[in-house]
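Secondary and tertiary structure notes
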Amino acid sequence: MEEFYRIRRLPPYVFEQVNRAKAAARNAGADIIDLGMGNPDLPTPPHVIEKLKETLGKPKTDRYSASRGVTGLRKAQAGYYARRFGVKLNPDTQIVATLGSKEGFANVAQAITAPGDVVLCPNPSYPIHAFGFLMAGGVIRSVPSSPTPDFFAACERAIIHSIPKPIALIVCYPSNPTAQVASLDFYKDLVAFAKKHEIFILSDLAYSEVYFDDNPPPSVLQVPGAFDVTVEFTSMSKTFSMAGWRIGFAVGNERIIAALARVKSYLDYGAFTPVQVAATAALNGPDACIREMRETYRKRRDTLVESFGRAGWVIPPPQASMFAWAPLPEKFRDLGSMQFATLMVEKSGVVVSPGVAFGEHGEGYVRIAMVENEQRIRQAARGVRHFLESGIETLHNVVPLANRR
């Protein structure tokens, strides 16, 4: 039977092979250290949990909520942008609460895309950046993900050779998966570029608070005139370890925000009101928990780089995000990222994400999520050392992890 139209537009699930290997290893009794999915393991701050408990069970909070977010939550997001970026937002016209940034991207694609519209998307990139628009009937044209001068030359070529002209350009810094960070000067050039070519900027800023030096990642909305062409997406998932709560935001250009709000009004009633109230408490509350989160990930990053380096795998230290973007070890590069990641699970018990899952230009890399504590990361490094020392020619003779002691 023929697949449905939108399902046909989606590629096979690229993580399926790694997930099968992970399930088989677990069934065999292996202790799997999963550094594949960017699923935060840190606890949600106590004051946020307490606000949720306080709000639960009240008759009014059990009713339908506001699809664009309760007023207090949108005001709290405006306050966050004012404190963090010096950016003034109108909570009524320039902010929509979303069910995480992923849903925000998917529904903004529905809101602004006509069949055949072209969108410029970084490659490698987080899958929703491309597939949200593919499911909406759009066409993706890949551009580099690195915030360098070459980025603009590549975008210029893509616009010249695209028919029809692209409607939007997606950027994601700190980047998932590459962990690269953009400067404010890059954003100034980006806004000028978007205005010159009359296209929108869709900025994913989900990792704005996960950085490891004294230079907090900027927002593109800090650039004068950016509101004319930009919508930016943020998330509570990483900043407050609230991934399962599904709260994020779209902010910026009033025309796109209004379109997104209208689409959402037909599709959902917004997040559960106590979740929105608790998210408001998170944004308005003390930021010590954010600093603690950042320090935890910094220590994990340092442990990962040091222990994997001693195991024989040199990993460039990421500037930001909860990921390391690691080139395949030299003698394994001919395997490709998918086979390498699959063998890693089978032979070391360590799960990583193949770079090709984030686009064909992610080939040659894997993404490593820092979602285990330092002890487990060191344990993972020992498994990695065994795997790397085995060599390609002897991999078929390596004793499976479940049988090693």
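Bear in mind the structure is a predicted one, so any value in this text is a computation, not a measurement.

Conventions adopted
As a convention, each chain's residues are numbered from 1 in the sequence order in which they are written. Confidence filtering applies because this is a predicted model: local features only for residues at pLDDT of at least 70, side-chain atom pairs given and counted only at 80 or more, and all residues used for totals across whole chains, interfaces and linings. As a rule here, side-chain values cover all heavy atoms of the structure and leave hydrogens and water aside. Each reported salt bridge corresponds to a side-chain nitrogen of Lys or Arg within 4 Å of a carboxyl oxygen of Asp or Glu. Helix and strand definitions here come from DSSP, where helices need a minimum of 4 consecutive H or I residues and strands a minimum of 2 consecutive E residues; each element is numbered from the N-terminal end. Each residue is assigned to one of three classes by its accessible area relative to the maximum for its type, calculated with a 1.4 Å probe on protein chains only: buried under 20%, partly exposed between the two thresholds, exposed over 50%. Working convention: axes come from line fits to C-alpha atoms, limited for helices to the stretch in contact. Angles between N-to-C directions cover 0 to 180 degrees. Working rule for angles: under 35 degrees goes down as roughly parallel, over 145 as roughly antiparallel, 65 to 115 as roughly perpendicular, anything else as oblique. The crossing is said to be left-handed when, going from far helix to near helix, the turn is anticlockwise and less than a right angle, and right-handed when the turn is clockwise. Contact criterion: two residues are considered in contact whenever any of their non-hydrogen atoms come within 4.5 Å of each other. Only Asp, Glu, Lys and Arg are considered charged, only Ala, Val, Leu, Ile, Met, Phe, Trp, Tyr, Cys and Pro nonpolar, and every remaining residue, Gly among them, polar. Paired strands, as defined in this entry, are two strands with at least two bridges between them according to DSSP. Per residue, pLDDT captures the predictor's confidence, and it can take any value from 0 to 100. Here a helix's expected span is defined as the number of its residues, less one, multiplied by 1.5 Å. We define the nonpolar core as a collection of buried residues of types Ala, Val, Leu, Ile, Met, Phe, Trp, Tyr and Cys that are connected through side-chain atoms lying within 4.5 Å of one another. Stacked, tilted and edge-to-face pairs are distinguished by plane angle, under 30 degrees for stacked and over 60 for edge-to-face with tilted covering the rest, among Phe, Tyr and Trp rings (Trp via its six-membered ring) whose centres lie within 6.5 Å. Lysine NZ or arginine CZ positioned within 6 Å of the ring centre and within 35 degrees of the ring normal marks a charge as sitting over the ring.

1. As for the pattern of salt bridges
Summed over the entire model, instances satisfying the criterion amount to 21 salt bridges. Salt bridges sharing common partners tie together E295, R298, R301 and D302.

2. Some details on unusual backbone geometry
For the bond running from N123 to P124, omega is 10°, close enough to zero to count as cis. Inspection of the secondary structure puts P124 in the loop between β3 (118–122) and α6 (127–135). Here the amide bond leading from Y173 into P174 is cis, since omega sits at -10°, within 30 degrees of zero. Residues other than glycine seldom take positive phi values, yet A179 does so here, at roughly 70°. Tracing the backbone through its elements, the reader meets A179 in the loop between β5 (168–172) and α8 (184–197). Looking at A179, the relative accessible area reads 3%, which means it is buried.

3. Details of the packing of helix α13 (residues 337–348) against helix α14 (residues 374–390)
Axis separation between α13 and α14 bottoms out at 9 Å; the angle between their running directions is 110°. Taken together, α13 and α14 sit at an angle that is classed as roughly perpendicular. Relative to α14, α13 is oriented so that their crossing is right-handed. Judged by residue contacts, F340, L343, M344, K347 and S348 of α13 engage G383, V384, H386 and F387 from α14. Of the residues that constitute the contact of α13 with α14, the class distribution is five nonpolar, three polar and one charged.

4. Looking at the sheet that holds β5
Strand pairing in a sheet relies on backbone hydrogen bonds, with the paired strands running either antiparallel or parallel. Within the open sheet, the seven strands sit side by side as β2-β8-β7-β6-β5-β3-β4. Their pairing is mixed. In this open sheet, the two edge strands, each paired with only one partner strand, are β2 (95–98) and β4 (139–143). Adjacent strand axes in the sheet meet at a mean angle of 20° when their direction is disregarded. Note: strand β7 (residues 230–235) against strand β8 (residues 248–252), five bridges, orientation antiparallel. Residue pairing for β8: S235 is matched across the bridge by G248. Packing against the sheet, helix α7 (residues 149–160) makes contact with β3, β4 and β5, and its axis sits at approximately 150° to β4.

5. Observations regarding the pairing of β2
Residues I95 and A97 line one face of β2 and the alternating positions V96 and T98 line the opposite face, and both faces are buried. Pairing of β2 with β8 involves four bridges; the strand directions are antiparallel. Bridge assignment links I95 to a residue of β8, and that residue is V251.

6. Description of the confidence of the model for the protein chain
Averaged over the protein chain, the pLDDT score is 92; the fraction of residues at 70 or greater is 96%. Confidence over residues 397–405 falls short of pLDDT 50; this stretch has 16 contacts with residues more than four positions distant or in other chains.

7. Some remarks on helix α4 (residues 71–85)
For an α-helix, 3.6 residues make a turn, and residues three or four places apart therefore share a direction. The terminal C-alpha atoms of α4, which comprises 15 residues, lie 21 Å apart, in line with the 21 Å expected from a rise of 1.5 Å per residue. The secondary structure elements touched by the buried residues of α4 are β2, β7, β8 and α11 (273–284).

8. Quick notes on the packing of helix α5 (residues 100–112) against α6
The geometry of α5 relative to α6 is characterised by a closest axis approach of 8 Å and an angle of 35° between their N-to-C directions. The interaxial crossing formed by α5 with α6 has right-handed handedness. Together, K102, F105, A106, V108, A109, Q110 and I112 of α5 and I128, H129, G132, F133 and M135 of α6 make up the contact between the two elements. Of the residues that constitute the contact of α5 with α6, the class distribution is eight nonpolar, three polar and one charged.

9. A closer look at the nonpolar core
With 97 residues, the main nonpolar core has F151, L190, F308, W313 and I368 as its most contacted residues. Beyond its immediate chain neighbours, meaning those up to four positions away, F151 contacts V143, P144, S146, L169, V171, Y173, F186 and L190. A109, A250, I257 and A261 belong to the second largest nonpolar core, which has 22 residues in total.

10. Focus on the packing of aromatic side chains
Two descriptors summarise a pair of aromatic rings, namely the distance from one centre to the other and the angle between the planes of the rings. Inspection of every chain in the model, using the stated rule, returns 19 aromatic pairs. Taking 5.6 Å as the distance between ring centres and 80° as the angle between the ring planes, the aromatic pair formed by Y173 and F186 counts as edge-to-face. With Y173 in the loop between β5 and α8 and F186 in helix α8, this residue pair connects regions lying 13 residues apart in the sequence. For Y173, a relative accessible area of 2% corresponds to the buried category. Cluster of aromatic residues (ring-pair linked, three or more members): F151, F152, Y173, F186, Y187 and F193. Across the ring face of F323, the terminal group of R367 is positioned such that the distance to the ring centre comes to 3.9 Å.

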